[in-house]
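# Fold and contact review
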Amino acid sequence: MADDKLTSPYGLAGKRIWVAGHSGMVGSATVRRLASENCEILTVPHAKLDLRDQAGVGAWMKHEKPDVVVVAAATVGGIHANSTRPADFIYDNLAIETNIIHAAFQLGVEKLLFMGSACIYPREAEQPMVEEALLTGPLEPTNEWYAIAKIAGIKLCQAYRKQHGSDFISAQPNNLYGPNDNFDLQGGHVIPALMRKAHEAKLSGAPAYELWGSGTPKREFLHVDDLADALIHILKYYSGPVPLNIGTGEEVTIAELARTIADVVGFTGNLKFDTSKPDGSPRKLLDDTRMKKLGWRASISLRDGLAETYRWFLDHESERRGH
Ligand code: GFB
């Protein structure tokens, strides 16, 4: 691993950096973070380029000539969306990553960073999960379609590195949250869903707010601004085949999370468990030894990150209701 740490960092200044998926939660955080790197940021709206269109992606990249590509574009969602829309999750993600990674190789892009996900690891992987656990056992069934697509993206990066020497790297963050998250109750992840439910329960004076499953699964949550900072760090300091884990090293149960969210939102009622809904993975904690060795660690506490996300939610609530 020490061999993969760049002793002379890859400089981003003056580079043309394409953030694919710039309007999503990860992409928009990456654009915010890149603003201080003295580089040129390239973006293209979805209405102008569908990233599942192979010819379109190749032509756009040929015209724009990025030096660096961050693949933050993906079809994502929470446990319910993953379970009920498996075709979208596997097809969209395979198409997006295949088109971008292959075109980046053809055009000689200097560096590409692909975003994986913590759900690439086997459901029963030993905790905390080390990068070597990849492909050592069966996946969590609620999100295996998404996981297979993300594993394929990691393998694409490894294959182009191995066969052609392309500097294509990957990283998998744990469960993300923050500004620009999806607060839709059916499609979104647990933090935005619970925040919205707690907020609405507070406004309506409801005695309780509802969470899915037993509340016992444990999750590690990473603020998207911490992720963006980690991505810039590894673009500069890492070049290797191993997909890097990015997390905080801290986990909470879903019931603890629900109580903290109620507190942040100011909802004083109780929790109600809908056990007809799935729990998903019992535990998903990433081993972040490699990132620490590369000189990076997360700095936003869950409590502070939730408070900031709730402020963002309130600021955008009227906008959302207007849609
Ligand atoms: O965030 P979430 O959907 O993602 O759910 P996963 C995390 C946990 O929170 C599960 C529980 O145990 C859910 O049952 N939960 C409780 C809720 N209340 C709610 C709620 O109102 N909404 C949601 N969404 N969950 C996803 C994968 O798994 O993680 C994706 O499906 C992706 O592929 C993402 O990898 C990071 O952690 O279970």
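For the structure, see preceding data.
Presented here is a report on the structure given in the accompanying data block. (Residues numbered from 1 in each chain as written. Predicted model: local features only at pLDDT ≥ 70, side-chain atom pairs only at ≥ 80, totals over all residues. Heavy atoms only, no water.)

### Observations regarding the site of the ligand
For clarity, the threshold we go by: Note on terminology: near, applied to a residue and a molecule or strand, indicates that one of the residue's heavy atoms is within 4 Å of it. Throughout this description, a polar contact denotes any pair of N or O atoms lying within 3.5 Å of each other; where both atoms belong to protein, one of them has to be capable of donating a hydrogen while the other can accept it, and for residues adjacent in sequence the pair is counted only when both atoms sit in side chains. Surface accessibility follows the Shrake-Rupley procedure with a 1.4 Å probe radius. Residue values consider only the protein chains on display as shielding. Numbering of helices and strands runs from the N terminus, with a helix taken as a DSSP run of H or I at least four residues long and a strand as a DSSP run of E at least two residues long. Each residue receives one of three labels: charged for Asp, Glu, Lys and Arg, nonpolar for Ala, Val, Leu, Ile, Met, Phe, Trp, Tyr, Cys and Pro, and polar for the others, Gly being one of them.
As a structural note, the neighbourhood of the ligand is formed by 23 residues, with Ile79, Val190, Arg219, Pro278 and Asp279 the closest of them. Separating an oxygen atom of the ligand from a side-chain N or O atom of Asn82 is a distance of 3.0 Å. For the ligand, the protein covers 97% of the area, taking 700 Å² as the surface of the free molecule. Of all elements in the fold, only helix 3 (79–84), helix 6 (190–204) and strand 7 (208–212) reach the threshold of two or more residues within the shell around the ligand. When residues in the shell around the ligand are grouped by element, the largest group, four residues, is from helix 6. Within the shell around the ligand, the residues separate by chemical class into 11 nonpolar, eight polar and four charged.

### What to know about the packing of helix 1 (residues 25–34) against helix 7 (residues 224–237)
The test is simple: Lines are fitted to the C-alpha atoms to define the axes, a helix being fitted only along its stretch in contact, and any angle between axes, read from their N-to-C directions, falls within 0 to 180 degrees. Note that the term roughly parallel is reserved for angles under 35 degrees, roughly antiparallel for angles over 145, roughly perpendicular for angles of 65 to 115, and oblique for everything else. The crossing is said to be left-handed when, going from far helix to near helix, the turn is anticlockwise and less than a right angle, and right-handed when the turn is clockwise. Throughout, a contact is declared for two residues whenever any of their heavy atoms are within 4.5 Å.
Axis separation between helix 1 and helix 7 bottoms out at 8 Å; the angle between their running directions is 60 degrees. Taken together, the axis directions place helix 1 and helix 7 in an arrangement best described as oblique. Judged by the twist between their axes, the crossing of helix 1 over helix 7 is right-handed. Of the residues in helix 7, those touching helix 1 at Met25, Val26, Ala29, Thr30, Arg32, Arg33 and Leu34 are Val224, Asp225, Leu227, Ala228, Asp229, Leu231 and Ile232. Residues that form the contact of helix 1 with helix 7 fall into these classes: nine nonpolar, one polar and four charged.

### Side note on helix 6
Applied cut-off: By this rule the span expected of a helix is its residue count minus one, scaled by 1.5 Å. When accessible area is computed with a 1.4 Å probe and restricted to protein chains, residues below 20% of their type maximum are described as buried, those above 50% as exposed, and intermediate ones as partly exposed.
Here helix 6 spans 21 Å end to end across 15 residues, near enough to the 21 Å set by a 1.5 Å rise per residue. Among all positions in helix 6, only Ile191, Pro192, Ala193, Leu194, Met195, Arg196, Lys197, Ala198, His199 and Ala201 are buried. Of the residues trailing helix 6, Gly205 is marked for its positive phi of about 70 degrees.

### Describing helix 8 (residues 254–265)
For helix 8, which comprises 12 residues, the first-to-last C-alpha distance of 16 Å matches the rise-based estimate of 16 Å (1.5 Å per residue) to within 8%. Where helix 8 is concerned, the buried positions are Ile254, Ala255, Leu257, Ala258, Ile261, Ala262, Val264 and Val265. Positive backbone phi, approximately 90 degrees, marks Gly266, located one or two places after helix 8.

### A look at the sheet that holds strand 8 (residues 218–219)
Within a beta sheet, neighbouring strands are joined by backbone hydrogen bonds and run either parallel or antiparallel to one another. To keep things clear, this is the line we draw: We call two strands paired when DSSP finds no fewer than two bridges between them.
As summarised here, the arrangement of the three strands in space is 11-8-13, forming an open sheet in which the pairing is mixed. Since the sheet does not close on itself, it has two edges, and those belong to strand 11 (252–253) and strand 13 (283–284), each with one partner. Note that strand 8 and strand 11 share two bridges and pair antiparallel. By the bridge assignment for strand 11, Arg219 is matched with Val252.

### What about the sheet that holds strand 5 (residues 168–173)?
Pairing is parallel across the open sheet formed by six strands, whose spatial order is 2-1-3-4-5-10. Two strands bound the open sheet, and with one partner strand each, they are strand 2 (40–42) and strand 10 (244–246). Neighbouring strand axes in the sheet, compared pairwise and without regard to direction, differ in orientation by 20 degrees on average. Bridge analysis of strand 1 (residues 16–20) against strand 3 (residues 68–71) gives four bridges, and the strand direction is parallel.

### Comments concerning the environment of Pro9
Structurally, Pro9 is set in the segment before strand 1. Considered as a pair, Pro9 and Lys236 are 227 residues apart in the sequence and their alpha carbons are 5.0 Å apart.

### Observations regarding the packing of helix 2 (residues 54–64) against helix 4 (residues 86–106)
Following both chains from N to C, one finds helix 2 and helix 4 inclined at 40 degrees, their axes separated by 9 Å at the closest point. Classified by the angle their axes make, helix 2 and helix 4 are oblique. The interaxial crossing formed by helix 2 with helix 4 has right-handed handedness. Here Gln54, Val57, Gly58 and Met61 of helix 2 come into contact with helix 4, specifically with Asn99, Ile100, Ala103 and Ala104. Among the residues making up the contact of helix 2 with helix 4, the classes are represented as five nonpolar, three polar and no charged.

### Some words on the nonpolar core
Quick note on the threshold: Remark: nonpolar core denotes a set of buried residues (Ala, Val, Leu, Ile, Met, Phe, Trp, Tyr, Cys) joined through side-chain atoms within 4.5 Å.
Counting 40 residues, the largest nonpolar core has Trp18, Leu51, Met61, Val69, Ile100, Ile101 and Leu112 as its most contacted members. Residue assignment for this core shows that the elements contributing at least two residues are strand 1, helix 2, strand 3, helix 4, strand 4 (111–115) and helix 5 (144–164). If we skip the residues at most four places from it in the chain, Ile101 touches Leu112, Phe114, Gly153, Leu156, Cys157, Tyr160 and Phe168. If you look at the next biggest cluster of nonpolar residues, it comprises 33 residues, including Ile169, Val224, Ala228 and Ala230.

### Focus on the environment of Thr136
Along the chain, Thr136 falls in the loop between strand 4 and helix 5. Reaching out from Thr136, the side chain makes a polar contact with the backbone oxygen of Ala133 at a distance of 2.6 Å.

### Brief notes about the pattern of salt bridges
Selection criterion: Whenever Lys or Arg places a side-chain nitrogen within 4 Å of a carboxyl oxygen from Asp or Glu, that contact is recorded as a salt bridge.
Counted by the stated rule, this structure contains 21 salt bridges. Glu40 is the partner of Arg16 in a salt bridge, and the nearest nitrogen-oxygen pair spans 2.8 Å. One end of the pair, Arg16, is in strand 1; the other, Glu40, is in strand 2, with 24 residues separating them in the sequence. When the shortest N-O distance is used, the salt bridge between Lys292 and Asp288 registers 3.4 Å. Given a relative accessible area of 11%, Asp288 falls into the buried group. Salt bridges sharing partners connect three or more residues here, namely Arg33, Glu37, Asp229 and Lys236.

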